[in-house]
Amino acid sequence: MKKRLISSYDEENDTFVGKVDDEKGYKADYGISDGIFLGINNSNLPTSVFISNASEVLNTSKSILESADVKIRIDCDEAFLTFRMCIEDLLIFSAKCKKHFPIPEMEYEIDSNM
């Protein structure tokens, strides 16, 4: 499944926020990695990503985080969720965590260039 991503980066607060375009509703936030939170809707589908201390968490520069070319891929099977974030087609972060939330099995991509 592919959706359009609207993202912003606040350099002063070092916060990255990404939201799926045209998604309404909110059910819960889940921590999927240190400093990375995934918001889901009432259908248990990802609708937003929030990263505090983004440059430190993602181990990248603030200038890279200001790019508008962001892709986030979320793969979820029965046991694990894998989160990958690319900026300007370069993988800047990848994490795999044990699934402890109600997101269904899926392959999901949100892309700022759709």
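Now for a quick tour of the structure. Numbers given to residues run from 1 along each chain, matching the order in which its sequence is written. Residue-level local features of this predicted model are given only where pLDDT is at least 70; pairs of side-chain atoms are given and counted only at 80 or more, and the full residue set underlies all totals for whole chains, interfaces and linings. Calculated side-chain values reflect all of the structure's heavy atoms, with hydrogen atoms and water omitted.

Some words on unusual backbone geometry
In this structure, Asp22 is a non-glycine residue whose phi angle is positive, near 65 degrees. The residue Asn44 is not glycine, and still its phi comes out positive at about 65 degrees. Only DSSP runs of H or I with at least four residues qualify as helices, and only runs of E with at least two residues qualify as strands; both kinds are numbered from the N terminus onward. When you line up the elements, Asn44 lands in the loop between β4 (36–40) and β5 (46–52). Type-normalised accessible area, obtained with a 1.4 Å probe on protein chains alone, sets the label of each residue: buried when under 20%, exposed when over 50%, and partly exposed for intermediate values. The buried category is assigned to Asn44, whose relative accessible area is 16%.

Examining the pattern of salt bridges
It is possible for side chains bearing opposite charge to pair when their charged atoms get close. Salt bridge, as applied in this entry: a Lys or Arg side-chain nitrogen positioned within 4 Å of an Asp or Glu carboxyl oxygen. Within the structure shown, the criterion is met by six salt bridges. Ionic pairing is found between Glu23 and Lys3, a salt bridge with its closest N-O pair at 3.7 Å. A residue pair is termed long-range when its members are at least 10 positions apart, and Glu23 in the loop between β2 (15–20) and β3 (28–33) and Lys3 in strand β1 (residues 2–10) qualify at 20 residues. We classify Glu23 as buried; its relative accessible area is 19%. Two residues, Asp89 and Lys71, come together in a salt bridge whose shortest N-O distance is 2.9 Å.

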